[in-house]
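Descriptive analysis of the structure
Listed here are the chains, written in short residue letters.
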Amino acid sequence: MNLTEIIKLVDGSNLTSELNLDIEIEGGCGADLMSDVLLSSQPNAVLLTGLTNPQVVRTALMAEFRAIIFVRGKRPQAETLQLAIQENMPLISSPLGMFELCGRLRSAGLPSFESHVPSS
Amino acid sequence: MSHPPRPPTDQELYGRSGRPVTDKDAQEINRVEELSYDLKIREVMSKNPVTASPETSLAEVLELMRIRQVSGVPVLENEQLVGILSIEDVVRAMNRNDLTESVRQYMTRDVVSVASYESIVKAMQKFAESGVGRLPVVDEHNQLVGIITKGDITRGILIALQKDYKAEELRRYRASHLFEDIISDRTTLVLRYAIKQQDFTRGGNASSHIKRALLRLGADPQTARRCGIAAYEAEMNLIIHTTSGGILKLEVEPYRITISATDDGPGIADVEQVLQPGYSTATEKVREMGFGAGMGLINIQRCVDKMELESSLEKGTKLIMRIHVPEETLTGRAKGQPNEPSSDHRTTQSETTD
């Protein structure tokens, strides 16, 4: 699914107008705990999160996400925005909550890219 | 025959923008800006331009412009640049039914020219100041050597950017053959990064460099991702928990990647306890950032082949993470395969997954 389609689906606003939105998103992953994101995501997904600090961008880069959507209308800190532009990571803000967001994207056909953690 | 030495350029006299470049400036200079200073006018100009003499008729020049598909010609008299005739000048003559007149009557005499040894930024400035569409280019001896348009500048920058891209490919190729090209009984590449305590803003910077280095060295994307995630968790631990920072170190050998995080305090009282999922001593501030849920070390364990944690309250903590890689990954070729920087080469790498 193209990122521009996703933005429409989530009533999102693009916060990084400098970056190219014509990119393919293959799946989704939602979490507020960065260690969870690192542990259980697959590359080329969109990250849905309520966190807005620069570490979100770092985490997304390390785990090879293609874009980040902030839930509940959150806006990132200036450092976060700067790092995102520098590292070519599109940032989207959506007024919707996490549950609603995940639901909309899932029913539009975007698969979950959250891998199941092996039970220990 | 000797010529007086050419005058120094502004850049040679004062450096970029005529003043010392501060660190802040340097950060804000992007590659295209850099190129506009680095590329010289002679590198992007059109050489051997079409010229006219002052006595040529306008009709002849118009025909010349049509055939050579140019919209302006420098005018030379005794090999000296004396004017420039643009299509606008010819149109002016046409309106007066004056095409039999000579170039001399209609050419612009105060020619704005640029020197071939100047940077293209100088030409950009002159385009902006004068509003003209083309500038004759002269050498040290004021001899016409070319002509430059905005299109030449754009093309020059695009070609240079393309070369940058190829240079990155070449760097990657060279780096990925490091272990093949340098012979020793045991070659290890060591990269060290100093991590400052509580430096949350830069947190993850070192891990990004580690991941990029591994990709350049020829590691497959999965291995680079696993190492990047492990290094990132370890880097965040150094930032969150240490009293005076620590060192993140990457050691690359043909068979093995070792990442270690060492610090000198405060140390962990009970090593067994910190390896329990969910155990954490992180502050509320750290938790708000999405860390400190007691999953960092568990994550690392899942990403690496072997993890060792040594710690004491006297000496501090040492975390060692090892990732085994198939021999062919970092030596740049599969066994028995010729090594070419081809797409086959990369396919070979991506097959060597965990």
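Residues numbered from 1 in each chain as written. Chains lettered and ligands numbered in written order. Predicted model: local features only at pLDDT ≥ 70, side-chain atom pairs only at ≥ 80, totals over all residues. Heavy atoms only, no water.

1. Quick look at the overall build of chain A
Of the regular secondary structure elements, chain A holds five helices and five strands. Going from N to C terminus, chain A has its helices and strands arranged as α-β-β-α-β-α-β-α-β-α. Counting contacts in chain A only where the partners sit at least 6 residues apart, residues at least 24 apart contribute 56% of the total. (Helix = DSSP H or I, 4+ residues; strand = E, 2+ residues; numbered from the N terminus. Contact = heavy atoms within 4.5 Å.)

2. Points about the overall build of chain B
For chain B, the helix and strand inventory stands at 17 helices and 11 strands. Restricting to contacts in chain B with at least 6 residues of sequence separation, those with at least 24 account for 63%. For chain B, the accessible surface area stands at approximately 19,500 Å², while carbon and sulfur atoms represent 49% of it. (Areas by Shrake-Rupley, 256 points an atom, 1.4 Å probe, with all protein chains shown as cover.)

3. Structural notes on the pairing of strand S3 (residues 80-86) of chain B
Residues and elements named next belong to chain B. Buried residues dominate S3, accounting for five of its seven residues. Bridge count for strand S2 (residues 72-77) against S3 is six bridges, and the pairing is antiparallel. Its bridge partner being in S3, Pro-74 is matched across the sheet by Ile-84. Turn length for the S2-S3 hairpin, with the two strands adjacent in sequence and antiparallel, is two residues, and the turn residue Asn-78 shows positive phi of about 50°. (Buried < 20%, exposed > 50% of the residue type's maximum accessible area, 1.4 Å probe, protein only. Pairing = 2+ DSSP bridges.)

4. A closer look at the nonpolar core
The biggest cluster of nonpolar side chains holds 67 residues, and the ones touching the most others in it are Leu-248 and Ile-257 of chain B. For this core, the leading source of residues is helix H12 (residues 221-241) of chain B, giving 11 residues. Formed by 18 residues, the second largest nonpolar core is a distinct cluster that contains Ile-7, Leu-48, Ile-69 and Leu-101 of chain A. (Core = buried A, V, L, I, M, F, W, Y, C linked by side-chain atoms within 4.5 Å.)

5. Here we look at the confidence of the model for chain B
Residue and element names in this part refer to chain B. Residue-level pLDDT values for chain B average 82, and 85% of them are 70 or greater. Considering each helix and strand of chain B separately, the mean pLDDT is smallest for helix H17 (residues 343-351), with a value of 35, and largest for strand S7 (residues 189-195), with 95. In the predicted complex, the global pTM is 0.60; the interface-specific ipTM is 0.81. (pLDDT = per-residue confidence, 0-100.)

6. Digging into the packing of H12 of chain B against helix H15 (residues 296-303) of chain B
All names here are of chain B. Interaxial distance between H12 and H15 falls to 9 Å at its minimum, and their mutual angle equals 155°. Our classification of the angle between H12 and H15 gives roughly antiparallel. Seen from above, H12 lies across H15 with left-handed handedness. Taken together, the residues of H15 that come into contact with H12 (itself represented by Arg-226, Ile-229, Ala-230, Glu-233, Ala-234 and Asn-237) are Gly-296, Leu-297, Asn-299, Ile-300 and Cys-303. Grouping the constituent residues of the contact of H12 with H15 by class yields six nonpolar, three polar and two charged. (Axes fitted to C-alpha atoms, helices over the stretch in contact; angles between N-to-C directions. Parallel < 35°, antiparallel > 145°, perpendicular 65-115°, else oblique. Left-handed = near helix turned anticlockwise from the far one by under 90°. Nonpolar A, V, L, I, M, F, W, Y, C, P; charged D, E, K, R; others polar.)

7. Some details on the pattern of salt bridges
Applying the stated criterion across every chain, the model contains 16 salt bridges over all chains. We note a salt bridge from Lys-211 of chain B to Glu-64 of chain A, for which the minimum N-O separation is 2.8 Å. In this pair, Lys-211 of chain B sits in helix H11 (residues 205-216) while Glu-64 of chain A sits in the loop between helix H3 (54-62) and strand S4 (67-70), so the two residues belong to two different chains. Overall, the relative accessible area of 9% leaves Lys-211 of chain B in the buried class. Here Glu-64 of chain A falls in the partly exposed class, since its relative accessible area comes to 23%. Two residues, Arg-104 of chain A and Glu-100 of chain A, come together in a salt bridge whose shortest N-O distance is 2.9 Å. Pair noted here: Arg-104 of chain A and Glu-100 of chain A are both in helix H5 (residues 98-107), with a separation of four residues, about one helical turn. Classification of Arg-104 of chain A as partly exposed rests on a relative accessible area of 28%. On the basis of relative accessibility, which here comes to 38%, the residue Glu-100 of chain A falls in the partly exposed class. Overlapping salt bridges, with partners in common, bring together Asp-11, Glu-100 and Arg-104 of chain A in one network. (Salt bridge = Lys/Arg side-chain N within 4 Å of Asp/Glu carboxyl O.)

8. Digging into the interface of chain A and chain B
In this assembly, 23 residues from chain A lie in contact with 25 residues from chain B. Carbon and sulfur atoms make up 53% of the surface buried where chain A meets chain B, a total of about 2,000 Å² over both sides. Among the residues chain A hides against chain B, the three largest losses belong to Gln-55, Arg-58 and Met-62 of chain A. Together they make up 34% of the total. Where chain A packs against chain B, one counts two salt bridges. Here chain A is connected to chain B by 15 residue pairs in polar contact (both at pLDDT 80 or more). Looking at the side of chain A that touches chain B, the elements that each hand over two or more residues are helix H2 (34-40) and H3 of chain A. (Buried area = accessible area lost by both parts, 1.4 Å probe. Polar contact = N/O pair within 3.5 Å; in protein donor to acceptor, adjacent residues only side chain to side chain.)

9. Focus on the sheet that holds strand S6 (residues 144-149) of chain B
All names here are of chain B. Ordered in space as S1-S6-S5-S4, the four strands form an open sheet in which the pairing is mixed. Pairing within the sheet leaves two strands with one partner each, and these edge strands are strand S1 (46-47) and strand S4 (114-115). Across two bridges, the pairing between S1 and S6 is antiparallel. What sits directly across from Lys-47, in S6, is Gly-146. Packing of helix H8 (residues 120-130) onto the sheet brings it into contact with S4, strand S5 (134-138) and S6, and relative to S5 it is tilted by some 140°. Packed on one face of the sheet, helix H9 (residues 150-176) meets S1 and S6 and runs near 85° to S6.

10. Details of the sheet that holds strand S5 (residues 91-93) of chain A
Residue and element names in this part refer to chain A. Spatially, the five strands line up as an open sheet ordered S1-S5-S4-S3-S2, and their pairing is mixed. Of all the strands in the sheet, just strand S1 (13-14) and strand S2 (27-30) have a single pairing partner and so form its edges. The pairing of strand S3 (residues 45-49) with S4 spans four bridges and is classified as parallel. Each residue of the ladder has a partner; that of Leu-47, found in S4, is Ile-68.

11. Considerations on the confidence of the model for chain A
Here chain A averages 92 in pLDDT, while 97% of its residues score no lower than 70. Of all secondary-structure elements in chain A, the lowest mean pLDDT belongs to H2 of chain A, at 86, while S4 of chain A reaches the highest, 97.

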